[in-house]
Amino acid sequence: QPRLVESGGGLVQPGGSLTLSCAASGFAFDEYTIGWFRQAPGKGREGVACISGRGATNYEDSVLDRFFIGRDNTKNTVYLYLNTVKPDDTAVYYCAADALQTAHSMCTTAQVDFWGQGTQVTVSS
């Protein structure tokens, strides 16, 4: 059974850094595009960063040059490195996987095969 488990969320001060991890199991990880999405209170879910099985990436404009996505296919894990965080980055962050989407289409359509349970990131002083 496919499974995605996020970890690494927490409280971080503005301007700080945080690393989120998404551990996958139960499917052919290296063949899937994996994405990070977030949902802030009262807002819809948005694609933050996505990475294809071959390493092509896509980023939402507001996180360009601050957030970075990477994957380790030997560990079936995708990481999201959050740098220079802002209060607007506060949200529940979700990991997702899809077999057919490109990194760009996954991040822009949010059409995925399955989701993780989410991890809370709070940016506050």
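First things first, this report covers the structure right here in the doc. (Residues numbered from 1 in each chain as written. Predicted model: local features only at pLDDT ≥ 70, side-chain atom pairs only at ≥ 80, totals over all residues. Heavy atoms only, no water.)

**Describing the sheet that holds strand β8 (residues 77–82)**
Strand order in the open sheet formed by four strands is β1-β3-β8-β7, and the pairing between neighbours is antiparallel. Of all strands in the sheet, those bounded by a partner on one side alone are β1 (3–7) and β7 (67–72). Between one strand axis and the next, the sheet turns by 15° as a mean value, whatever way the strands run. Here β1 pairs with strand β3 (residues 18–25) via five bridges, running antiparallel. Among the inter-strand pairings, Val5 is bridged to a residue of β3, identified as Ala23. (Pairing = 2+ DSSP bridges. Helix = DSSP H or I, 4+ residues; strand = E, 2+ residues; numbered from the N terminus. Axes fitted to C-alpha atoms, helices over the stretch in contact; angles between N-to-C directions.)

**Observations concerning the nonpolar core**
Judged by nonpolar contacts, the single largest core of 30 residues is most densely connected at Phe27, Ile34, Trp36, Leu80, Leu82 and Tyr93. Among the secondary structure elements, those contributing two or more residues to this core are β3, β4 (33–39), β5 (46–51), β7, β8, β9 (91–98) and β11 (119–123). When sequence neighbours within four positions are dropped, the list of residues in contact with Phe27 reads Pro2, Arg3, Leu4, Tyr32, Ile34, Ala97 and Phe114. By size, the runner-up hydrophobic cluster in this structure holds seven residues, among which are Phe37, Ala103, Met106 and Val112. (Core = buried A, V, L, I, M, F, W, Y, C linked by side-chain atoms within 4.5 Å. Buried < 20%, exposed > 50% of the residue type's maximum accessible area, 1.4 Å probe, protein only. Contact = heavy atoms within 4.5 Å.)

**A short note on the pattern of salt bridges**
Overall, the coordinates contain three salt bridges when judged by the stated rule. We note a salt bridge from Glu46 to Arg38, for which the minimum N-O separation is 2.7 Å. Arg66 is the salt-bridge partner of Asp89, the closest N and O atoms lying 2.8 Å from each other. Of the two residues, Asp89 sits in the loop between β8 and β9 while Arg66 sits in the loop between β6 (57–59) and β7, which places them 23 residues apart along the sequence. (Salt bridge = Lys/Arg side-chain N within 4 Å of Asp/Glu carboxyl O.)

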